[in-house]
Amino acid sequence: MLQRLSPLLEPDLITAGVLADLPLDVLLAHQIRALVLDVDATLLPRTSAEPSQAISRWIEAAALQLPLHLFSNNPDHRRIAAIARRFNLPFTAAACKPRRGALRQVLEQLQLPAPQVAMIGDRLFTDVIAGNRLGLFTVLVQAIDADGRPAARAPVQRAEMALARLVGAQLVSPFQALP
Ligand SMILES: [Mg+2]
């Protein structure tokens, strides 16, 4: 059971920083044609309502080139809707990652093969497992703080990475330099 789980816990890419530090060109070089983005701790901390300038610029630049979809487990529909509205993006709240149902619907809307869609988030046991179960290109980013920098403490993310290694997942040291 645990051996079966470990490949699902291996992201295709672990970034060297937060989402805004990930060059869009890296994704385009992997033939990525759409992005499914986690919200809390990926775009902004759960406790803030305002994404940093760097994240806002990154999303605006990405949206010029690719379809984006905000995809959150947060049941607070109003919060996720407000963030999505700000960037004029479609969204899913209460997505139930790592379950596949809601993500399958997004893939159907995108009309793209799963490997051409990137699932980007800060959590191995929700974002990465969900994406890997459906064959998306999965990206683990560092959890973000209110200033848009990597969070100094990201206990959940660190604990999940330690647990993933314990069950045999091959994870390069957090967080490797981009190839
Ligand atoms: Mg998150």
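An account of the accompanying structure is given in this report. Remember, predicted model here, so these are calculated numbers, not experimental data. (Residues numbered from 1 in each chain as written. Predicted model: local features only at pLDDT ≥ 70, side-chain atom pairs only at ≥ 80, totals over all residues.)

A short note on the overall build of the protein
Point 1. Across its full length, the protein carries seven helices and six strands.
Point 2. Computed over C-alpha atoms, the radius of gyration of the protein comes to 15 Å, within 12% of the 16 Å expected from 2.2 N^0.38 for 179 residues, which places it in the range of a compact globule.
Point 3. With respect to the principal axes defined by its C-alpha atoms, the protein has extents near 40 × 35 × 35 Å.
Point 4. For the protein, long-range pairs separated by at least 24 residues make up 65% of all intrachain contacts whose partners lie at least 6 apart in sequence. (Helix = DSSP H or I, 4+ residues; strand = E, 2+ residues; numbered from the N terminus. Rg over C-alpha atoms; globule rule 2.2 N^0.38 Å. Contact = placed C-beta atoms within 7 Å.)

Overview of helix H7 (residues 155–166)
One turn of the α-helix equals 3.6 residues, which is why residues spaced by three or four share an orientation.
Point 1. Between its first and last C-alpha atoms H7 spans 16 Å; for twelve residues at 1.5 Å apiece the expected length is 16 Å, and the two agree.
Point 2. Those residues of H7 lying buried are Gln 157, Glu 160, Met 161 and Ala 164. The buried residues of H7 occupy an angular sector of 100 degrees when the element is viewed end-on, so they sit on one face. Relative to its buried face, H7 has exposed residues pointing more than 90 degrees away, namely Pro 155, Ala 159, Ala 162 and Leu 166.
Point 3. At its buried positions, H7 is contacted by helix H6 (124–133). (Expected span 1.5 Å × (residues − 1). Buried ≥ 20, exposed ≤ 12 C-beta atoms within 10 Å, placed from the backbone. Arc of directions from axis to C-beta.)

A few points about the pairing of strand S5 (residues 117–121)
Point 1. Counting buried residues along S5, five of its five residues qualify, which places the element largely inside the surrounding structure.
Point 2. Across four bridges, strand S2 (residues 34–37) lies against S5 in parallel orientation. Bridge pairing links Leu 37 to Ile 120 in S5.
Point 3. Pairing of S5 with strand S6 (residues 137–140), which is carried by four bridges, proceeds in the parallel orientation. Pairing of Ala 118 across the sheet is with Phe 137, part of S6.
Point 4. On the question of chirality, the crossover connecting S5 to the parallel S6 by way of H6 is right-handed. (Pairing = 2+ DSSP bridges. Right-handed = clockwise from strand over helix to strand, strands pointing away.)

Description of the nonpolar core
Point 1. In this structure, Leu 19, Val 36, Leu 37, Leu 70, Ala 118 and Ile 120 are the most contacted members of the largest nonpolar core, which totals 49 residues.
Point 2. Once residues within four sequence positions are removed from consideration, Leu 19 is found in contact with Thr 42, Leu 43, Ile 55, Trp 58, Ile 120 and Val 141. (Core = buried A, V, L, I, M, F, W, Y, C linked by C-beta atoms within 7 Å.)

Details of the environment of Arg 78
Point 1. Its location among the elements puts Arg 78 in helix H4 (residues 77–87).
Point 2. Look at Arg 78 and you get exposed, because 9 C-beta atoms sit within 10 Å.
Point 3. C-alpha separation for the pair Arg 78 and Leu 27, spaced 51 residues apart in sequence, amounts to 30 Å.

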